[in-house]
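Residues per chain, in single letters:
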Amino acid sequence: MKTALQTTQIDSKKEPGALLAPVPMTGNLPPRVADTFDHEYRGAMQSLLETRQPMDWIGLHQFLGSREDREAGAKFVTRRLSMSPDPDRVVLSHSTQAILTVLCGALVGMNGVLAVEELTYPAMAKFAKQMGFNLVGVKLDEHGMLPDAFEKVCKEHKPRALYTLPTLQNPTTGILGLERRKNIVAIARKHGVVIFEDDIYSLLPEDMPPPLAELAPDITYYILGTSKSIGAGLKAAYLVTPRETDPARLFWPGSGMTYWMIAPANAGVATELIHNGGADRIISAVRDETRARQKMVRETLEGACFRTSPECLHVWMEVPANRGLSDFVEDCKRRGAEVGPATTFLIAGGEAPHRIRFGTGKARDRTMLQRGLDAIAGACFS
Ligand SMILES: Cc1ncc(COP(=O)(O)O)c(C=O)c1O
């Protein structure tokens, strides 16, 4: 089987008749920015190894993350929150996924109801199945969740919590406006629903509306992961809880499961990058590369109907009305692009729109992305 690197080499040599693997575009990872990332990551790791004694750093359990790591988390979230939270409200974890499983287990629970956007992050379906809670979908428009639909769900299904992505929603790319954000938190508060806000796509765009956690810090569990802006394998994620007592109640050893903990080396690198400005430089490089790739999308798919934004990692595209959804996905693959059908994101029942989602970041370089986009254009316009 060809590796991604071999595929790229064949690409750039333009070997005639080479049989190329389809470009992987189902995921929405941040694009490679190797020059910046490698330099910053190496520098952070070297500085940590020079200034810390590995035995003391790695040789001990750090159930809560060190104080320094949690303080760095409190600083990191100020990219979106206007004030740095008390580090006692911050939980440092190895991933957004892990934080969500703990929150769902503790605050939704077996047979409880979690409200979700009608199209959303598919992993939530797996968590629900594994933990035995129920999902109820809330209708969306192009901006995001509809307040009336959320209120209806609250009245009819009495959810314990809402999981939401108000900024660059996955998969629809919606950005919820400020007024709607206010309406959503007012409804949640009225019905006693806590909010799990996943803001993972918010660091690439600039000038986004404030998170729900800014409007309702008392009922919002705010999650800011790094895997969509810094590196998919870094994964360090920060949770800001409403109260200082929440981390101990929900996460700490003795009061919960501990598989959510971050490895000290990963925590240390994240902390170093936050303090030395490396995190911002990587995010800025990822933003620039994402913008360049989005420009390629606009140019190649001109005339097709799709939604995205310049700093979004994915594209939500309408499938031509005369084509079946799965046929279209297969056609893209035959022509050289792996894309995801809308059905993947429909996890709480309802009808899937006639759309696909594809990511621009996983293609190793722009040459490979162009090949994928050409394949999608071929399927679209043939
Ligand atoms: C909405 C959303 N949240 C979280 C994640 C995963 O985050 P992490 O790598 O921090 O677990 C993804 C990955 O696709 C995602 O789309």
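What you see is a predicted model, and the numbers here were worked out from it, not measured in a lab.

K.L.:
Explain the sheet that holds strand 2 (residues 90-93) to me, please; I cannot follow it from the model alone.
P.N.:
Strand-to-strand pairing in sheets goes through backbone hydrogen bonds, with the strands running parallel or antiparallel. On the basis of which strands lie adjacent, the open sheet formed by seven strands has the order 2-8-7-6-5-3-4 and mixed pairing. Every interior strand has two partners, whereas the edge strands, strand 2 and strand 4 (134-138), have only one. Strand after strand, the sheet turns through a mean of 20 degrees between neighbouring axes, direction not considered. For strand 6 (residues 194-198) and strand 7 (residues 220-225), the ladder comprises four bridges, and the chain directions are parallel. From the neighbouring strand, aspartate 198 faces strand 7, where its bridge partner is isoleucine 223. The sheet strands contacting helix 7 (residues 147-157) are strand 3 (113-117), strand 4 and strand 5 (161-164), and the helix crosses strand 4 at an angle near 150 degrees.

K.L.:
Explain the packing of helix 5 (residues 96-108) against helix 6 (residues 123-131) here, please?
P.N.:
The angle between the axes and the distance between the axes are what describe a pair of packed helices. One can describe the packing of helix 5 onto helix 6 by two numbers: an axis separation of 11 Å at closest approach and a directional angle of 40 degrees. Considered as vectors, helix 5 and helix 6 are oriented oblique to each other. When you trace helix 5 past helix 6, the crossing you get is right-handed. For the pair helix 5 and helix 6, contact is made by Gln97, Leu100, Thr101, Cys104 and Gly105 and by Ala123, Met124, Phe127 and Met131, respectively. A breakdown of the residues in the contact of helix 5 with helix 6 according to their chemical character gives six nonpolar, three polar and no charged.

K.L.:
Please explain the packing of aromatic side chains as it appears in this structure.
P.N.:
The relation between two aromatic rings is expressed through the spacing of the ring centres and the mutual angle of the planes. Taken as a whole and assessed by the stated rule, the structure comprises six aromatic pairs. Look at phenylalanine 76 and tyrosine 238: their rings are 5.5 Å apart centre to centre, the planes differ by 50 degrees, and that puts the pair in the tilted class. On the criterion of sequence distance, the pair formed by phenylalanine 76 in helix 4 (residues 67-76) and tyrosine 238 in strand 8 (residues 237-240) is long-range, its members being 162 residues apart. Across the pair, exposure class does not vary: phenylalanine 76 and tyrosine 238 are buried alike. With 5.8 Å between their ring centres and 35 degrees between their planes, tryptophan 252 and tryptophan 260 make a pair best called tilted.

K.L.:
Quick question: what am I supposed to make of the pairing of strand 4 here?
P.N.:
In regular strands, side chains alternate between the two faces of the sheet. Where strand 3 and strand 4 come together, five bridges link them in parallel fashion. Bridge pairing links glutamate 117 to valine 138 in strand 4. Crossover handedness for the path strand 3 to helix 6 to strand 4: right-handed.

K.L.:
Can you help me understand the sheet that holds strand 12 (residues 340-341) in this one?
P.N.:
Spatial ordering of the open sheet is given by 9-10-13-12, a layout of four strands whose pairing is antiparallel. If you trace the sheet from one side to the other, it starts and ends with strand 9 (306-307) and strand 12, each paired once. Alignment of strand 12 against strand 13 (residues 355-359), held across two bridges, turns out to be antiparallel. Bridge pairing links proline 341 to isoleucine 356 in strand 13. Packed onto the sheet, helix 12 (residues 278-300) meets strand 9, strand 10 (314-318) and strand 13 and runs at close to 15 degrees relative to strand 10.

K.L.:
What's the story with the side chain of arginine 355 in this structure? I'm lost.
P.N.:
Structurally, arginine 355 is set in strand 13. What makes arginine 355 buried here is its relative accessible area of 10%. Here the side chain of arginine 355 touches glutamate 318 through a polar contact of 3.4 Å, side chain to side chain.

K.L.:
Which parts of the structure should I look at to understand the site of the ligand?
P.N.:
Around the ligand, a shell composed of 14 residues is seen, among which Thr96, Asp198, Tyr201, Lys228 and Lys235 lie nearest. Interatomic distance of 2.8 Å between a backbone N/O atom of threonine 96 and an oxygen atom of the ligand. Lysine 235 has a polar side-chain atom sitting 2.8 Å from an oxygen atom of the ligand. For the ligand, whose accessible area on its own is 400 Å², the fraction buried by protein is 92%. In this structure the site holding the ligand corresponds to the second largest pocket. Class assignment for the residues of the shell around the ligand results in five nonpolar, six polar and three charged.

K.L.:
How should unusual backbone geometry be read in this particular structure?
P.N.:
It is generally the case that most residues other than glycine have a negative phi and that most peptide bonds are trans. Residues asparagine 170 and proline 171 are joined by a peptide bond in cis, for which omega reads 15 degrees. By the element assignment, proline 171 lies in the loop between strand 5 and helix 8 (178-190). For leucine 168, which is not glycine, the phi dihedral falls at a positive 55 degrees. Here leucine 168 shows up in the loop between strand 5 and helix 8. A relative accessible area of 1% places leucine 168 in the buried class.

The rules behind these values
Residues numbered from 1 in each chain as written. Predicted model: local features only at pLDDT ≥ 70, side-chain atom pairs only at ≥ 80, totals over all residues. Heavy atoms only, no water. Pairing = 2+ DSSP bridges. Helix = DSSP H or I, 4+ residues; strand = E, 2+ residues; numbered from the N terminus. Axes fitted to C-alpha atoms, helices over the stretch in contact; angles between N-to-C directions. Contact = heavy atoms within 4.5 Å. Parallel < 35°, antiparallel > 145°, perpendicular 65-115°, else oblique. Left-handed = near helix turned anticlockwise from the far one by under 90°. Nonpolar A, V, L, I, M, F, W, Y, C, P; charged D, E, K, R; others polar. Phe/Tyr/Trp six-rings, centres within 6.5 Å; stacked < 30°, edge-to-face > 60°. Buried < 20%, exposed > 50% of the residue type's maximum accessible area, 1.4 Å probe, protein only. Right-handed = clockwise from strand over helix to strand, strands pointing away. Polar contact = N/O pair within 3.5 Å; in protein donor to acceptor, adjacent residues only side chain to side chain. Near = heavy atom within 4 Å. Areas by Shrake-Rupley, 256 points an atom, 1.4 Å probe, with all protein chains shown as cover. 1 Å grid on protein atoms, 1.4 Å probe; cavity = no way out; pocket = protein on both sides within 12 Å on 5 of 7 lines; lining within 4 Å. Sits in = over half its atoms within 2 Å of the grid points.

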